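Structural features, examined
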Amino acid sequence: MGRIPIPWGQLDIRDKKEIDLPFEQKVSLQRLEDEVIVTKALHSENTTYRFIVGKNNHIYLQPSLPDLPITIKPEQITSILPGCRMEVFIEVPLLLSVYYGTNSRKELLMEFPLEPLSRSFFGSPDNGEISYFLESPLLCEYEAYENKDSSIYCPVAITNKSLQKLDVERMIVRVPLLSIFSCKDSLLSSPVSIVFRGADMVSQISYLKYGSEKKQQVVPVAPPRQNDDKSLIKKSFYFFKTLYTG
């Protein structure tokens, strides 16, 4: 797949503007007096939307993370020994969001993922949450991934402070709490730090800002969908238990 840069930011659509998207997809935008017409051609399906918006403001394209947490299954069997720490990047499908308004105040018109998202459920039936599901190789460098035009890369650090080996079978990252940054030719989220204390205990999750060593390299692009405490105490891992042993 050749590189297809998406023109993020304010758009000039006095005439109809057609934008190429990854995977041979397209979106077109047209301004007609006080209306905006958006047509998306995704996955062999064309859909047109009409918005009554007024005459004085602008259209913006913005990258977004999904609206639900992401449940990740590692592509490789992954374990972290007691006292060890793993730092990886998770590849999350990008959403394209269309806004109308001014640079300081925008209204969301519509958004859609550039790749299909599959819904899932994380946790037990009586204490779980709806999420999206994906498999990820959990690479240590985001540059090693290939889908930079359709993905956002979430840096995740996991520290095993328990006395047992941590087998990462299913892990959840609450991406609506993450900000988006640009770095060179890629989009990164703000980092996530998870401290594992045992299979029957909740994990401490911290949603961080980039440290001083990153400030010269990353540029803020979009704030989080949701605001929450900087540090949460929740389940971050789900372990499958067999019905019979021995």
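Conventions and cut-offs
Residues numbered from 1 in each chain as written. Predicted model: local features only at pLDDT ≥ 70, side-chain atom pairs only at ≥ 80, totals over all residues. Heavy atoms only, no water. Core = buried A, V, L, I, M, F, W, Y, C linked by side-chain atoms within 4.5 Å. Buried < 20%, exposed > 50% of the residue type's maximum accessible area, 1.4 Å probe, protein only. Contact = heavy atoms within 4.5 Å. Helix = DSSP H or I, 4+ residues; strand = E, 2+ residues; numbered from the N terminus. Pairing = 2+ DSSP bridges. Axes fitted to C-alpha atoms, helices over the stretch in contact; angles between N-to-C directions. Polar contact = N/O pair within 3.5 Å; in protein donor to acceptor, adjacent residues only side chain to side chain.

Observations regarding the nonpolar core
- If you look at the biggest cluster of nonpolar residues, it comprises 53 residues, and the most contacted ones within it are L21, I59 and I90.
- Setting aside chain neighbours within four positions, we find I59 in contact with G9, Q10, L11, I13, L29, V36, V98, Y99, Y100 and L109.
- Grouped together as the second largest cluster of nonpolar side chains are eight residues, F89, Y145, L188 and V218 included.

Points about the pairing of strand β20 (residues 203-207)
- Most of β20 sits inside the fold, with four of its five residues counted as buried.
- In the sheet, strand β19 (residues 192-196) pairs with β20 via four bridges, with the strands oriented antiparallel. Bridging across to β20, V192 finds its partner in Y207.
- Two successive antiparallel strands, β19 and β20, enclose a turn made up of six residues, where G198 displays a positive phi of approximately 145°.

So, the sheet that holds strand β1 (residues 9-11)
- Across the sheet, which stays open at both edges, the four strands sit in the order β1-β6-β10-β11 with antiparallel pairing between neighbours. The strands lining the two open edges of the sheet, one partner per strand, are β1 and β11 (106-113). Across the sheet, the axes of successive neighbouring strands diverge by a mean angle of 30°, strand direction being ignored.
- Sheet topology places β1 next to strand β6 (residues 58-64); three bridges connect them, and they run antiparallel. Looking at β6, one finds that G9 is bridged to L61.

Regarding the side chain of S150
- By secondary structure assignment, the location of S150 is in the loop between β13 (127-136) and β14 (151-160).
- Judged by relative accessible area, which is 0%, S150 ranks as buried.
- At 3.3 Å, the side chain of S150 and the side chain of E115 are in polar contact.
- If we skip the residues at most four places from it in the chain, S150 touches P22, F23, V92, P93, L94, L114 and E115.

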